[in-house]
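Examination of the molecular architecture
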Amino acid sequence: IKRTYVDTGKVKAWFFYFPVIDQVQSRVIGGLGQCVYFQSDDAFWNLEPIFMRTQQQLFNTTKAIDIAAQYAPGLDRQQLQQCVTNDKGAQAVDRDNTMARSLGLQGTPSVLVDGHVVQDASWDSVKKAIDAALAAAPKAGS
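Cut-off values and rules
- Residues numbered from 1 in each chain as written.
- Predicted model: local features only at pLDDT ≥ 70, side-chain atom pairs only at ≥ 80, totals over all residues.
- Heavy atoms only, no water.
- Phe/Tyr/Trp six-rings, centres within 6.5 Å; stacked < 30°, edge-to-face > 60°.
- Helix = DSSP H or I, 4+ residues; strand = E, 2+ residues; numbered from the N terminus.
- Buried < 20%, exposed > 50% of the residue type's maximum accessible area, 1.4 Å probe, protein only.
- Core = buried A, V, L, I, M, F, W, Y, C linked by side-chain atoms within 4.5 Å.
- Contact = heavy atoms within 4.5 Å.

Focus: the packing of aromatic side chains
A complete count under the given rule lists three aromatic pairs for this structure. Where Y5 meets W123, the ring centres are 6.3 Å apart and the plane angle is 45 degrees; that geometry is what we call tilted. Here the residue Y5 occupies a position in helix α1 (residues 2-6), and W123 occupies one in helix α7 (residues 123-136), the gap between them amounting to 118 residues. With relative accessibility at 3%, the residue Y5 sits in the buried group. The class of W123 is partly exposed, set by a relative accessible area of 38%.

Structure below.
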């Protein structure tokens, strides 16, 4: 999706947190991700696959911050710790969770295209939905 649509400027993509497994710890981990994002969008996207691979280690907040600092050395560790401690990132997770529930989402991945839930999050279904939305979109200058 990113390579085909976002990087080419055809669409914009947003990532939202939606804790579905462990509401408490997922909120903490999502909050950490948001705190990373507050410092650097690039660091967030570089860390996202690392966080996915190290999920079991992230249940310890100190270890999670260690991993973030190790794989994104440009992050301000003290600022990251303060953001997590102050619950600033987790508040963003709460807002996203409220939105997801209001849309009736029940799991991940959940994909919305132009505000509509794509029931099957497979590449083919998402591509079809995006292509249909692009075809229906008003053209620039018209």
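A look at unusual backbone geometry
Positive phi values are uncommon outside glycine, yet D87 reaches one of about 70 degrees. One can find D87 in the loop between α5 (77-85) and α6 (88-102). On the accessibility criterion, D87 (28% relative accessible area) is partly exposed. One non-glycine residue, D114, adopts positive backbone phi at about 55 degrees. Relative to the assigned elements, D114 resides in the loop between β1 (111-113) and β2 (116-118). Note on D114: relative accessible area 64%, which makes it exposed.

Notes on the nonpolar core
Core analysis: the biggest nonpolar cluster contains 20 residues, and L32, V36, L47, F51, A68, L75 and L80 have the highest contact counts within it. Counting only elements with at least two residues in this core, the list comes to α2 (23-39), α3 (41-53), α4 (61-71) and α5. Per-element tally for this core: the top contributor is α3, with five residues. Apart from the residues lying within four places of it in its own chain, the contact partners of L32 are F51, A64, I65, L80 and V84.

Coordinates in, geometry out; function isn't part of it.
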